[in-house]
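Coordinate inspection notes
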Amino acid sequence: MNIRIPSQSKEILSHRNWKNIISKLTEECSYESDINKKTYLFYKINSVLPKPYRVNIPSLITDDYIDTALYRIYQNIQASSTAAV
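My aim in this report is to walk through the structure given alongside it, one point at a time. Since the model is a prediction, treat every value here as computed from it, not as a measurement. (Residues numbered from 1 in each chain as written. Predicted model: local features only at pLDDT ≥ 70, side-chain atom pairs only at ≥ 80, totals over all residues. Heavy atoms only, no water.)

**As for the environment of V48**
For the record, the criterion: For helices the rule is a DSSP run of H or I covering at least 4 residues; for strands it is a run of E covering at least 2, with both sets numbered from the N terminus onward.
Here V48 lies in helix α3 (residues 35-48). Along the primary structure V48 and W18 are separated by 30 residues, whereas in three dimensions their C-alpha atoms are 8.8 Å apart.

Set out below in structure tokens:
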């Protein structure tokens, strides 16, 4: 699994660019069958999100929780895109 996110991603990514990256990562995470990889990718996605979009992650997470949280993240990003237009 190749996850390449610049260390200064929050500072240098343009508004549209970070949304594209997050959309691609959430899609990749959704289709990941290995729960360990999926969990790692989910934590990575959440860590690069701007604070208003981050989700609170419980201590015990399941595959279903990750799918639901990814859907919420995706919906929030899409809603912010249409609100900005």
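So that's the structure; there's more coming.
**Details of the pattern of salt bridges**
So the rule is basically this: Any Lys or Arg side-chain nitrogen found within 4 Å of a carboxyl oxygen on Asp or Glu counts as a salt bridge.
For the coordinates displayed, the defined rule picks out two salt bridges. Between D63 and K38 there is a salt bridge, and its shortest N-O distance comes to 2.7 Å. With a gap of 25 residues between them, D63 in helix α4 (residues 63-84) and K38 in helix α3 connect regions that are remote in the sequence. Between K38 and D67 there is a salt bridge, and its shortest N-O distance comes to 2.7 Å. You can see K38 sitting in helix α3 and its partner D67 sitting in helix α4, a full 29 residues away along the chain. Look at the salt bridges and you will find they share partners, linking K38, D63 and D67 into a network.

**Focus: the packing of aromatic side chains**
Keep this limit in mind: Classification of ring pairs uses Phe, Tyr and Trp, with its six-membered ring standing for Trp, and accepts pairs whose centres are within 6.5 Å; under 30 degrees between planes counts as stacked, over 60 as edge-to-face, and the remaining range as tilted.
In total, this model carries two aromatic pairs according to the counting rule given. Grouping aromatic residues by their ring pairs yields a cluster made of F42, Y43 and Y65.

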